[in-house]
Amino acid sequence: MKTSNILLFVSFTIVLTFSLNVKIYGQSAERPFVIMIDPGHGGRDTGTPGTGRYKATEKDIALDVSLDLGKMIETKLHNVEVIYTRKKDVFPTLRSRPNLANKKDVDLFISIHCNAQPGKKGTAYGSETYVLGTTKNKQNLEVAKRENSVIALEDNLEVYKDFRSDSPEFLLGLEMAQEAYLDHSIKLARLIEDEFQVTAKRRSRGVKQNIFYVLAYSYMPSVLVELGFLTHKKEEDFLNSKKGKQLMTKSLFVAIEKYLDYMNINSAPTTIVKTDKKVQASGNITYKVQIAASSKALETKPYNFKGLQTISRMQDGSLYKYFYGSTSDYEETKALEQEARSKGYNSSFVVAFKDGKKIALMDALKSTAN
């Protein structure tokens with residue numbers, strides 16, 4: 001009976017994984033790319049107090065950086081929407097944070113925190129960015145234990161009964177359900193840690209994996225950022241300073257901007273190409289409609305794509321991207337996009353290729369308008 005229950009759970013997560021794949025990687029011009037920023041802790045949950053030399057604690061620094069990051073994104077990036085789990089000193093439950101992200105159909109989830117070293121040494125310093133995964137590293141487990149410990153402050157502990165980070169079956173199910181997002185989470189995490197070193201000139205302790213509740217139940221690419229250790233006096237001074245917060249905020253912004261560019265998401269204002277002529281590609285430019293991306297290599301048969309014909313597949317790193325149609329007529333491709341949407345691929349979007357290589361859509365349109 002136990003084995004059959006495990007198989008049923010695993011089968012469910014496989015179905016869930018593929019059903020969620022389709023919405024994550026598509027981005028249309030009409031729908032904004034939605035980023036949820038989660039300032040860690042809040043209200044009666046102060047997070048780490050650090051050395052105790054400052055009135056501000058982890059919750060305050062996380063909120064300051066989160067709000068500044070959101071303003072920067074909204075000001076400088078086009079067609080990107082920002083949502084927060086909190087915008088003031090309140091206490092959202094741990095469960096409500098990923099639940100809100102899933103409900104709002106968020107494309108990217110970023111949880112911002114500060115770190116602490118157990119004991120009185122105060123020697124550890126540097127940033128860390130986490131993605132979902134298992135770990136046997138004692139220090140990493142301590143970080144997860146601290147960040148998940150907020151559960152004890154909540155009134156309804158019953159809702160967390162299924163969160164079993166010590167259960168192999170539970171962890172297997174999580175890994176399968178999150179497989180589609182892990183590559184992109186790692187990509188963003190790596191960009192963040194790189195920018196902390198380059199832009200903020202801080203020490204990076206690297207990208208790590210761990211079992212955090214907010215990452216386990218966020219069904220989109222997601223990361224948890226530890227800006228630095230408040231138990232290290234110099235780093236605490238830096239993170240409490242105006243300059244320090246500005247540098248960490250700028251680092252996060254640049255990393256997000258690079259991530260959007262990597263995902264081929266148009267985050268800058270575009271110049272509309274006006275023409276009375278039918279947009280017909282010249283040379284070897286073709287247009288296709290990207291409808292999905294997955295870590296699974298599926299056969300390009302109609303039964304795998306809701307009856308759609310002319311499906312092609314392209315491998316991009318560890319992901320397989322799936323395209324509908326292929327034509328030199330941009331207007332015809334727009335009609336194909338609408339057809340794909342009518343089949344349920346609501347996040348489908350047009351992409352361009354030149355000589356078989358993917359290029360920016362605007363570059364293709366400009367070349368056809370000349």
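These remarks concern the structure in this document. Worth saying up front: this structure is predicted, and the values here are computed from it rather than measured.

## A closer look at the overall build of the protein
In step 1: Summing up its helical and strand segments, the protein has ten helices and eleven strands in all.
In step 2: Intrachain contacts of the protein at a sequence separation of at least 6 include 81% that bridge at least 24 residues.
In step 3: Put simply, the protein shows about 17900 Å² of open surface, and 52% of that area lies on carbon and sulfur atoms.

## Here's the deal with the side chain of D38
In step 1: The residue D38 is located in strand β1 (residues 33–39) in this model.
In step 2: With residues up to four places along the chain from it excluded, the contact list for D38 reads S66, T85, R97, F109, I110, S111, I112 and V214.

## Brief notes about the packing of helix α2 (residues 58–76) against helix α8 (residues 242–262)
In step 1: Between α2 and α8, whose axes approach to 9 Å, the crossing angle comes to 45°. The pairing of α2 with α8 is recorded here as oblique in orientation. For the element pair α2 and α8, the recorded crossing hand is right-handed. Contacts between α2 and α8 involve I61, D64, V65, D68, L69, M72, I73 and K76 from the first element and K245, T249, K250, L252, F253 and I256 from the second.
In step 2: Among the residues forming the contact of α2 with α8, the class breakdown is eight nonpolar, one polar and five charged.

## Considering the sheet that holds strand β5 (residues 204–210)
In step 1: Read across the open sheet, the six strands follow the order β2-β1-β3-β6-β4-β5; overall the sheet is mixed. If you trace the sheet from one side to the other, it starts and ends with β2 (80–84) and β5, each paired once. Between one strand axis and the next, the sheet turns through 20° on average, direction left out of account.
In step 2: Strand direction decides the pairing type here: strand β3 (residues 108–115) and strand β6 (residues 222–229), joined by six bridges, are parallel. Residue pairing across strands places H113 opposite E226, the latter belonging to β6.
In step 3: Packed on one face of the sheet, α2 meets β1, β2, β3 and β6 and runs near 160° to β1.

## Looking at the environment of D363
In step 1: Along the polypeptide, D363 turns up in helix α10 (residues 361–369).
In step 2: When the C-alpha positions of D363 and A352 are compared, they lie 8.7 Å apart, and in sequence the two are eleven residues distant.

## Re unusual backbone geometry
In step 1: Despite not being glycine, T310 has its phi angle at roughly 55°, a positive value.
In step 2: By the secondary structure assignment, T310 is in the loop between β7 (285–294) and β8 (311–316).
In step 3: For T310, a relative accessible area of 55% gives the class exposed.
In step 4: A positive phi angle, close to 55°, is found at D355, a residue other than glycine.

## Points about the pairing of strand β9 (residues 319–327)
In step 1: Burial within β9 is extensive, with eight of its nine residues counted as buried.
In step 2: Pairing of β7 with β9 involves six bridges; the strand directions are antiparallel. Among the inter-strand pairings, Y287 is bridged to a residue of β9, identified as T327.
In step 3: Pairing of β8 with β9, which is carried by six bridges, proceeds in the antiparallel orientation. Along β9, the bridge assignment pairs R313 with Y322.

## Here's the deal with the nonpolar core
One recurring pattern in soluble globular proteins: nonpolar side chains tend to sit buried together.
In step 1: Counting 41 residues, the largest nonpolar core has I35, I73, I110, I112, L227 and L252 as its most contacted members.
In step 2: Those elements that provide at least two residues to this core are β1, α2, β2, β3, α5 (168–198), β6, α7 (233–240) and α8.
In step 3: With eight residues, α8 is the largest single contributor of residues to this core.
In step 4: If we ignore the near neighbours within four places in the chain, the residues touching L252 are V65, L69, I112, I192, F196, V225 and L227.
In step 5: Counting 20 residues, the second largest nonpolar core, distinct from the first, contains A101, V106, Y213 and Y219.

Scoring rules and cut-offs
Residues numbered from 1 in each chain as written. Predicted model: local features only at pLDDT ≥ 70, side-chain atom pairs only at ≥ 80, totals over all residues. Heavy atoms only, no water. Helix = DSSP H or I, 4+ residues; strand = E, 2+ residues; numbered from the N terminus. Contact = heavy atoms within 4.5 Å. Areas by Shrake-Rupley, 256 points an atom, 1.4 Å probe, with all protein chains shown as cover. Axes fitted to C-alpha atoms, helices over the stretch in contact; angles between N-to-C directions. Parallel < 35°, antiparallel > 145°, perpendicular 65-115°, else oblique. Left-handed = near helix turned anticlockwise from the far one by under 90°. Nonpolar A, V, L, I, M, F, W, Y, C, P; charged D, E, K, R; others polar. Pairing = 2+ DSSP bridges. Buried < 20%, exposed > 50% of the residue type's maximum accessible area, 1.4 Å probe, protein only. Core = buried A, V, L, I, M, F, W, Y, C linked by side-chain atoms within 4.5 Å.

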